[in-house]
There are 2 protein chains.
Amino acid sequence: MSDEQRRRRSGGRAGHAERAGVRAIDQMPWRIPLNPDRPIEPLDQDGVNAIHKGAMRVLSEIGIRFLNPEAVAIFKEAGCIVDGETVRMDEDFVMEMVRRAPPEFTITPRNPDRALPMGGKHIVFGNVSSPPNYWDLERGKVSGFMDGFRDFIKLTQYFNCIHFAGGYPVEPIDIHPSVRHLDCLYEKLTLTDKVTHAYALGKERIEDAMEMVRIAGGLSDEAFRATPRMFTNINSVSPLKHDFPMIDGLLRMARAGQAVVVTPFTLAGAMAPVTMAGAVSLSIAEALSAIALQQYVVPGSPSMIGTFTSNVDMKSGAPAFGTPEYMRATQMTGQLARFYGLPLRSSGVCAANVPDGQAMWETSNSLWAAMTSGTNLVYHAAGWLEGGLIASPEKFVMDCEVLQMLQRYMEPQVWATTPEDIAFDAVQEVGAEGHYFGCQHTQERYTSAFYAPIASDWRNFEAWKLDGAVWTAERAHRIAKAILADFQAPPMEDAIREELQAFVARRKEEGGAPTDF
Amino acid sequence: MSDEQRRRRSGGRAGHAERAGVRAIDQMPWRIPLNPDRPIEPLDQDGVNAIHKGAMRVLSEIGIRFLNPEAVAIFKEAGCIVDGETVRMDEDFVMEMVRRAPPEFTITPRNPDRALPMGGKHIVFGNVSSPPNYWDLERGKVSGFMDGFRDFIKLTQYFNCIHFAGGYPVEPIDIHPSVRHLDCLYEKLTLTDKVTHAYALGKERIEDAMEMVRIAGGLSDEAFRATPRMFTNINSVSPLKHDFPMIDGLLRMARAGQAVVVTPFTLAGAMAPVTMAGAVSLSIAEALSAIALQQYVVPGSPSMIGTFTSNVDMKSGAPAFGTPEYMRATQMTGQLARFYGLPLRSSGVCAANVPDGQAMWETSNSLWAAMTSGTNLVYHAAGWLEGGLIASPEKFVMDCEVLQMLQRYMEPQVWATTPEDIAFDAVQEVGAEGHYFGCQHTQERYTSAFYAPIASDWRNFEAWKLDGAVWTAERAHRIAKAILADFQAPPMEDAIREELQAFVARRKEEGGAPTDF
């Protein structure tokens, strides 16, 4: 079966998945949002330059530690100044390397209809990634488990406003870490047909993930490597370190033609300076050093710059999210990303422990920061609680309501000004005494004129009370259950599923990945 | 006592009020935010022009009904085409009148330190206004009552992020409507020293309000009329009508030198076209017709244009707020307001019935619409629920947390890029192994580097659970109680208080205002 045949057949699959979705809730169709608005830019040109020069000075005068001998050897070969594990690189080198990165690229998963453009005006959203714990209204907080993992993967597939399957939405600790990546990738690749992420946690895990994505796509080695099919996200160990497995994963993914996001986790006042400009500058330095490595090794390889700069609570040291400082840091990083010509990743995050008011104002703030910063890829956009330590299905559904609204907000139809939109004739027809419900202009448009909510209750208080006075989190709980009860996996050819199963079985027999346990 | 003396003494009062505030929570100081960001502008120049021309065509070809004979006579005198109560006015007339309105002005309340600049880059926030019902976690939903009214007025005064006292935060139906305005204004003017609003609900009410603001400010008639001391907000009766008392109030306020906000309530699909451009165009027509009247009668009188354009749920007809359509309509109206050179009013609103997740994502959306539209005055910014039918103290506190964050977000210190902010020396000092908590650069800044929350709980799940697992609404409930228990009214000279009391007593003896009851 050729790629072209597969493409046509996959169209049918996506159509089926959408129809299946309608059974639980009436959600928006799959689409790739284009962000039409000019980003908000707090910095003037001098400000952008000050942060850039600050980052360059950190890299050239202080240097950054690469706890990966291969990377150190590569930097040495490239003419950087190496002292043990510390690498110093000058602005000319960094900028020459960064300029090699493509400003835009596309990641194509097993269903080509789910291909995601990265960069430019595109903005795509993914599920919460990596919490060790699960929380819902029935269970309370429990350690991550495979059934919970599976539920989040189903929600990830179900919601059209979720464009990619990020890291594990919850860590299933009931699966042994040596084989966890095999089971998790198998679930992700069979329960979703969207772009997937793989962890850079050692040679075996990242190589297994690439092989499984290749098999799931029915691709030859050559076809897999020809264009990005998946991505990894690596974090620096702030301040000023890149660890072995992350850099190893970056090199393996880049050499296989896959996409890499580099996201320093720079909490101002803890792992980074207490000033936001200082924290952003450090984050830029850490990110660009890894991207420079990637671009030296594989010129033109797909890179993204990530931001996870926020602040801590100076009373307790606890991380805070969706704060004023977080929002401006995200916008500042966006300005720098455009200065470097790199696509940008940010997040939908909060510090709240349960899906209540605080959770939603913090998450809204972080999502508005994404929207106004020129972000292209929004990680953790649905389901995140407790600073990333908890994944919650209620929060997932609530976030999807917000994401749907933001995606509708980006559709030009909302602010169209054709004569039909200005509606002079309707205004004349209704005059000063009539009502617009009944007029022809309304009747022709009312089914699609406005955003239709999924978890919001717009009834008045009395109707809402008669129906049980159910608060948002409980409504979201019920919606998640209904979606999961109705879930249908996207189709996959039997031969491909069997090949995936055989691969997983063989790798388990071989012992999977080494662990420290 | 001269105005100058009063100004100096009032400074001491404001200082006292701030100190008093510290006892319940550690809130941000009083300040007038400047919005540094370029507004988000969905419309191109053609789009702005299309909406403008649509509004002009409505006014010139269809006309608008003024249910106020004085207004009709004035329009006739001005050369407009009058047919019964319907007034048609052409673009030249409307634009000539609108150009008379000042782009910026200042409203000065009894405490001159609380003076509010309107227009330009300024953005100020006020309490929820006009709900008939009160809701809190203890009482549930009950009809508005005077003790509840007083509590909201105290919260309005207490929070520094609330800049003005809008309409009644809840309607105290336990006070007879003939004298309600006297009691309510007395409470507002003695419990707050901030800019106050007065309802345009008949000659007696608006004249009494102006007189009481004059007395509370210790002003002569001449001093009161010399500069804006208060404002009213009038709503059109969409579609295409202005009623008697609102226009009467507009004329009385304008002739007394006071500020007028004109806010059509155009729900797309109900009182306005189902298309947002049509609804905004109708709203602009209705607003400008009243502003034209005001500017014809009192050239240069302080006017503001308000937007309350949202959409209904097309399934139920219920009004929706904070929707994608609401956000874009607010931004579109902002573009038109700048086209006309008028300051803009919008709102912090939601459809949710209780202070839960939905309440906060809807309110966040409407506040972000205010922030990105160039809004100068944000009505209903704290305490609003159920589409304006409920005022809630919990929601008030939760909204103030969001408002504080937005106000902090506007402070240039957050994105400053001086060499001290870039913090190269600190990065060098900490290097790759240290931590930023301990370094000198952090120690010098940590007390004021970051936003400090009031209702957010940033502790981890276990600490939060040990402390009772309290969700946001319940925390806000406790905070409101603590603030009210500690509340201290701003100082007022005995002589002024007695003059206010005497005025209220006399007007009550005279029967107050006529009612239809």
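These numbers come from a predicted model, not from an experiment.

Draft legend 1. Molecular detail of the overall build of chain A. Within chain A one finds 19 helices and 21 strands. Over its C-alpha trace chain A gives a radius of gyration of 24 Å, about what one expects of a compact globule, namely 24 Å for 517 residues. Seen along its three principal axes, the alpha-carbon backbone of chain A occupies a region of about 80 × 55 × 50 Å. Here chain A holds 517 residues, and the buried ones make up 67% of them. Taking as baseline every contact in chain A between residues at least 6 positions apart, the subset at least 24 positions apart corresponds to 77%. In the structure as shown, chain A presents an accessible area of about 16700 Å², 50% of it carried by carbon and sulfur atoms.

Draft legend 2. Structural context of the relation of the copies chain B and chain A. Between the two copies, chain B and chain A, the superposition gives an RMSD of 0.0 Å; the rotation angle is 180° and the shift along the axis is 0.0 Å. The transformation just described matches what one would write down for a two-fold rotation axis. Judged by C-alpha distance, Gly357(B) is the residue of chain B that lies nearest the rotation axis, at 2.2 Å. By residue overlap, the copies meet face to face through one surface: 100% of the interface positions of chain B are interface positions in chain A.

Draft legend 3. Quick look at the nonpolar core. Of all hydrophobic cores here, the largest spans 338 residues; its most connected members are Phe66(A), Met89(A), Phe159(A), Phe66(B), Met89(B) and Phe159(B). Aside from chain neighbours lying at most four places away, what touches Met89(A) is Leu59(A), Ser60(A), Ile64(A), Phe66(A), Phe75(A), Cys80(A), Val94(A), Ser289(A) and Ala292(A).

Draft legend 4. Fine view of the sheet that holds strand β2 (residues 81-83) of chain B. All names here are of chain B. Taken in spatial order, the four strands line up as β2-β3-β1-β12 in an open sheet, and their pairing is mixed. Strand pairing shows two members of the sheet lacking a second neighbour, β2 and β12 (241-242), which therefore form its edges. Across three bridges, the pairing between β2 and strand β3 (residues 86-88) is antiparallel. Each residue of the ladder has a partner; that of Asp83, found in β3, is Thr86. Its contacts with the sheet put helix α2 (residues 45-62) on β1 (64-66) and β3, and the angle it makes with β3 is roughly 120°. Along the sheet, helix α10 (residues 276-297) makes contact with β1 and β12, crossing β1 at roughly 45°.

Draft legend 5. The interface of chain B and chain A, seen in detail. Counting residues at the interface gives 112 residues for chain B, matched by 112 residues for chain A. Surface buried jointly by chain B and chain A totals about 9700 Å² across both partners, of which 68% is contributed by carbon and sulfur atoms. Of all residues in chain B, Trp361(B), Phe450(B) and Trp458(B) bury the most surface against chain A, accounting for 9% of the area lost on that side. Remark: the boundary between chain B and chain A carries eight salt bridges.

Draft legend 6. Structural view of the packing of helix α13 (residues 393-409) of chain B against helix α18 (residues 472-486) of chain B. Residues and elements named next belong to chain B. Where α13 contacts α18, the axes come no closer than 8 Å and their chain directions differ by 95°. Classified by the angle their axes make, α13 and α18 are roughly perpendicular. Listed contacts from α18 to Pro393, Glu394, Val397 and Met398 of α13 are Thr472, Ala473, Ala476, His477, Ile479 and Ala480. Residue classes in the contact of α13 with α18 are distributed as seven nonpolar, two polar and one charged.

Draft legend 7. The arrangement of the environment of Val195(B) in detail. Residues and elements named next belong to chain B. With respect to the helices, strands and loops of the structure, Val195 is situated in strand β10 (residues 195-196). Using a relative accessible area of 0% as the deciding quantity, one classes Val195 as buried. Linking Val195 and Val213, residues 18 residues apart in sequence, is a C-alpha distance of 9.5 Å.

Draft legend 8. Broad picture of the sheet that holds strand β8 (residues 140-143) of chain A. Residue and element names in this part refer to chain A. Reading across the sheet, the four strands line up as β8-β7-β21-β20 and stay open at both edges, with mixed pairing between neighbours. If you trace the sheet from one side to the other, it starts and ends with β8 and β20 (384-385), each paired once. The strands that helix α13 (residues 393-409) touches are β7 (133-136), β20 and β21 (390-391); relative to β7, the one it contacts most, it runs at about 75°.

Draft legend 9. Spatial organisation of the pairing of strand β15 (residues 303-306) of chain B. Residue and element names in this part refer to chain B. Side chains of β15 alternate between two faces, with Ser303 and Ile305 and Met304 and Gly306 buried alike. When strand β13 (residues 259-262) meets β15, the two strands line up parallel, connected through three bridges. Opposite Val262, over in β15, you have Ile305 as the bridge partner. Summarising the sheet, β15 and strand β18 (residues 344-347) pair through two bridges and their orientation is parallel. Residue pairing in the sheet places Ile305 in a bridge with Leu344 of β18.

Draft legend 10. Seen up close, the pattern of salt bridges. As enumerated under the stated definition, the model contains 62 salt bridges over all chains in all. Here Arg328(B) makes a salt bridge to Asp37(A), at a shortest N to O gap of 2.9 Å. Placement of Arg328(B) in helix α11 (residues 324-340) and of Asp37(A) in the loop between α1 (3-21) and α2 (45-62) is noted, with the two residues assigned to different chains. There is no split in this pair, since Arg328(B) and Asp37(A) are both buried. Put simply, Arg139(B) and Asp136(B) hold a salt bridge, and the shortest N to O gap is 2.9 Å. If you follow the salt bridges from partner to partner, you end up with Arg31(A), Arg408(A), Glu411(A) and Glu325(B) in one network.

Draft legend 11. Molecular detail of the confidence of the model for chain A. Residues and elements named next belong to chain A. Per-residue confidence for chain A averages 95 on the pLDDT scale, and 95% of its residues sit at or above 70. This stretch, residues 1-22, has a pLDDT under 50; its non-local contacts, to residues over four places away or in other chains, come to 31 contacts. Confidence estimates for the predicted assembly give a pTM of 0.95 and an ipTM of 0.95.

Draft legend 12. Looking closely at the packing of aromatic side chains. Scanning the model with the defined rule gives 43 aromatic pairs over all chains in all. The interplanar angle of 70° and the centroid separation of 5.7 Å between the aromatic rings of Phe308(A) and Phe321(A) together place this pair among those described as edge-to-face. In this pair, Phe308(A) sits in the loop between β15 (303-306) and β16 (310-312) while Phe321(A) sits in the loop between β17 (319-320) and α11 (324-340), placing the two residues 13 residues apart along the sequence. Judged by its relative accessible area of 8%, Phe308(A) is buried. For Phe321(A), a relative accessible area of 1% puts it in the buried group. On the numbers, 5.7 Å between centres and 85° between planes, the contact of Phe321(A) with Trp384(A) is edge-to-face. Within this pair, whereas Phe321(A) is found in the loop between β17 and α11, its partner Trp384(A) is found in strand β20, the two being separated by 63 residues in sequence. Note that Arg328(B) overlies the ring of Trp415(A), its terminal NZ or CZ placed 4.3 Å from the centroid.

Draft legend 13. Inspection of the side chain of Ser289(B) at higher detail. Residue and element names in this part refer to chain B. Inspection of the secondary structure assignment puts Ser289 in helix α10. Using a relative accessible area of 0% as the deciding quantity, one classes Ser289 as buried. For Ser289, the side chain forms a polar contact with the side chain of His242, separated by 3.2 Å. Beyond its immediate sequence surroundings of up to four residues, Ser289 is in contact with Leu59, Ile64, Phe66, Phe75, Met89 and His242.

Draft legend 14. Just unusual backbone geometry, in detail. Following Ser238(A), the chain continues to Pro239(A) via a peptide bond in cis, the omega torsion being 0°. Even without glycine at this site, Ala423(B) takes up a positive phi of about 65°. Examined against the element boundaries, Ala423(B) turns out to sit in the loop between α14 (419-422) and α15 (424-430). Exposure remark for Ala423(B): the relative accessible area of 4% places this residue in the buried category.

Draft legend 15. Up close: the packing of helix α5 (residues 146-158) of chain B against helix α6 (residues 177-191) of chain B. Residue and element names in this part refer to chain B. It is the contact of α5 with α6, at a shortest axis distance of 9 Å, that shows an interaxial angle of 30°. Classed by the angle they form, the pair α5 and α6 counts as roughly parallel. As for how α5 packs across α6, the hand of that crossing is right-handed. Of the residues in α6, those touching α5 at Met146, Phe149, Arg150, Ile153, Lys154 and Gln157 are Asp183, Cys184, Glu187, Lys188 and Leu191. Across the contact of α5 with α6, the residue classes tally to five nonpolar, one polar and five charged.

Draft legend 16. Quick peek at helix α12 (residues 357-373) of chain B. Residue and element names in this part refer to chain B. With 17 residues, α12 should reach 24 Å at 1.5 Å per residue; the first-to-last C-alpha distance of 24 Å fits that figure. Most of α12 sits inside the fold, with 17 of its 17 residues counted as buried. Where α12 starts, the residue carrying a side-chain oxygen 3.4 Å from the main-chain nitrogen of Gln358 turns out to be Asp356. With its phi angle positive at about 80°, Gly374 sits one or two positions after the end of α12.

What counts, and where the lines are drawn
Residues take numbers from 1 onward in each chain, read along the sequence in its written order. The naming scheme follows written order: chains are lettered A onward, ligands numbered 1 onward. Confidence filtering applies because this is a predicted model: local features only for residues at pLDDT of at least 70, side-chain atom pairs given and counted only at 80 or more, and all residues used for totals across whole chains, interfaces and linings. For side-chain calculations, the full set of non-hydrogen atoms in the structure is used, while hydrogens and water are omitted. Every helix listed is a DSSP run of H or I at least four residues long, and every strand listed is a run of E at least two residues long, numbered separately from the N terminus. Only C-alpha atoms enter the radius of gyration, while the globule expectation follows 2.2 Å times N to the 0.38, with N the number of residues. Accessibility here uses a 1.4 Å probe with only protein chains present; expressed as a share of the type maximum, an area under 20% marks a residue as buried, one over 50% as exposed, and anything in between as partly exposed. Here, two residues are considered to be in contact whenever any of their heavy atoms come within 4.5 Å of each other. Accessibility throughout is a Shrake-Rupley quantity obtained with a 1.4 Å probe, and a residue counts as covered only by protein chains that appear here. Least squares is the method used to superpose the copies, on C-alpha atoms of residues holding a pLDDT of at least 70 in both. The definition of a nonpolar core used throughout is a set of buried Ala, Val, Leu, Ile, Met, Phe, Trp, Tyr and Cys residues joined through side-chain atoms within 4.5 Å. Any two strands are treated as partners once DSSP identifies two or more bridges connecting them. Axis lines are fitted through C-alpha atoms, for helices just across the contact stretch, and the angle between N-to-C directions can take any value from 0 to 180 degrees. Summed over both partners, the accessible area lost on bringing two parts together, with a 1.4 Å probe, is the buried area. Salt bridges are counted wherever a side-chain nitrogen of Lys or Arg sits within 4 Å of a carboxyl oxygen of Asp or Glu. An angle below 35 degrees is treated as roughly parallel, one above 145 as roughly antiparallel, one from 65 to 115 as roughly perpendicular, and anything else as oblique. Amino acid classes used here: Ala, Val, Leu, Ile, Met, Phe, Trp, Tyr, Cys and Pro are nonpolar; Asp, Glu, Lys and Arg are charged; the rest, including Gly, are polar. Confidence scores labelled pLDDT are given residue by residue by the predictor and lie between 0 and 100. Here is the rule: rings of Phe, Tyr and Trp (six-membered ring for Trp) pair when centre to centre is within 6.5 Å. Planes less than 30 degrees apart are stacked, more than 60 are edge-to-face, and the remainder are tilted. Placement of a positive charge over a ring is assigned whenever Lys NZ or Arg CZ falls within 6 Å of the ring centre and within 35 degrees of the normal to the ring plane. In protein, a polar contact means a hydrogen-donor-capable atom and an acceptor-capable atom, both N or O and within 3.5 Å, with residues adjacent in sequence counting only if both atoms are side-chain atoms; elsewhere, any N or O pair within 3.5 Å suffices. In this scheme the crossing of two helices becomes right-handed for a clockwise turn of the near helix relative to the far one and left-handed for an anticlockwise turn of less than a right angle. Take the number of residues in a helix, subtract one, and multiply by 1.5 Å to get its expected span.

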